[in-house]
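Residue-level structural notes
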Amino acid sequence: MANTNLLMVQHGHMESERIVLRPVSLDDAEDMYEYTSDEETTRYLYDPHKDLNRTKNFIANYFLEEPLGKYAIVLKESNKMIGAIEFRIHESNKCGELGYTLNRNFWGKGYMTEAGRLILELAFNVLDLERVFAECDVINAASGKVLDRLGMKCEGIHRKSHMTKGTLFDSAYYSILKEEYLTRDNKDEAVVSAES
């Protein structure tokens, strides 16, 4: 069996037509603060950051402490970090969990779908996983649409399963299986390019 961590390290940088996925660094703090301080962007996730130092601590204590599978989403044309996407692997049942955040100024442009396609290609064509799943707040319609565009199916609703800002919300659970991914229409499939 392949070493999953080694494969993840070897695919620490991936790119598609418009974006690059790469590890988050402290140099991303200002770009990240732009969206972590925005009430609308963080609405379903956490309290907005009140200052840049909180974002720096967030990067150090979350993204840098255990960086594997945590990527900055960076625009190729400007080198601006516009969000983050995370992929956690559950080796015991050959599945992976997808999560993401995108700067509100870049919503509706297909960037998150593009980033998600890179992760799905990594999951199924490199890591040989059997399933990828994600959850989103049921009232977060935009996130649900991203998951739909990735070919994921809603499996059901977990009632009051997600705590955000002190309130319990219902979560919609989505997944895609390897056979579904491999048989779907891949006309606009992103190409993963590994850098060691």
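Presented here is a report on the structure given in the accompanying data block. Note that the structure is predicted; figures quoted are calculated from it, not measured.

Our next topic: the packing of aromatic side chains. Scanning the entire structure with this criterion turns up 5 aromatic pairs. Taken together, the ring pairs connect Phe-58, Tyr-62 and Phe-63 into an aromatic cluster. Over the ring of Tyr-62 we find Lys-70; its NZ or CZ atom is 3.7 Å from the centre of that ring.

Moving on, we get to the sheet that holds strand S6 (residues 131-137). The 8 strands are arranged S1-S2-S3-S4-S5-S6-S8-S7 in an open sheet whose pairing can be described as mixed. With one partner strand each, in any of the chains shown, strand S1 (14-15) and strand S7 (153-164) form the two edges of the open sheet. Alignment of strand S2 (residues 19-23) against strand S3 (residues 70-75), held across 5 bridges, turns out to be antiparallel. Bridge pairing links Leu-21 to Ile-73 in S3. Contacting strand S4 (81-90) and strand S5 (95-102), helix H2 (residues 29-36) runs over the sheet at an angle of about 90 degrees to S4.

Our next topic: the state of the cysteines. If you walk through the whole model with that rule in mind, you get 0 disulfides. Cys-95 carries a free sulfur, and the closest cysteine sulfur to it, the one in Cys-154, is 17 Å from it. No disulfide involves Cys-136; its nearest neighbouring cysteine sulfur is the one of Cys-154, lying 7.7 Å away.

Rules used throughout
- Note that residues are indexed from 1 along each chain, following the sequence as it is written.
- Residue-level local features of this predicted model are given only where pLDDT is at least 70; pairs of side-chain atoms are given and counted only at 80 or more, and the full residue set underlies all totals for whole chains, interfaces and linings.
- Remark: hydrogens and water are excluded; side-chain values derive from all non-hydrogen atoms of the structure.
- For Phe, Tyr and Trp, rings pair up if their centres lie within 6.5 Å, where Trp contributes its six-membered ring, and each pair is then called stacked (planes under 30 degrees apart), edge-to-face (over 60) or tilted (otherwise).
- Only lysine NZ and arginine CZ atoms are considered, and such an atom sits over a ring when it is within 6 Å of the ring centre and within 35 degrees of the ring normal.
- Between any two strands, at least two bridges found by DSSP are needed for them to pair.
- Helix and strand labels come from DSSP, where a helix needs a run of H or I of at least four residues and a strand needs a run of E of at least two; each type is numbered from the N terminus.
- Residues are treated as being in contact if the distance between any of their heavy atoms lies within 4.5 Å.
- Here the axes come from fitting lines to C-alpha atoms, over the contacting stretch only for helices, and the angles between their N-to-C directions go from 0 to 180 degrees.
- Disulfide: a pair of cysteine sulfur atoms within 2.5 Å of each other.

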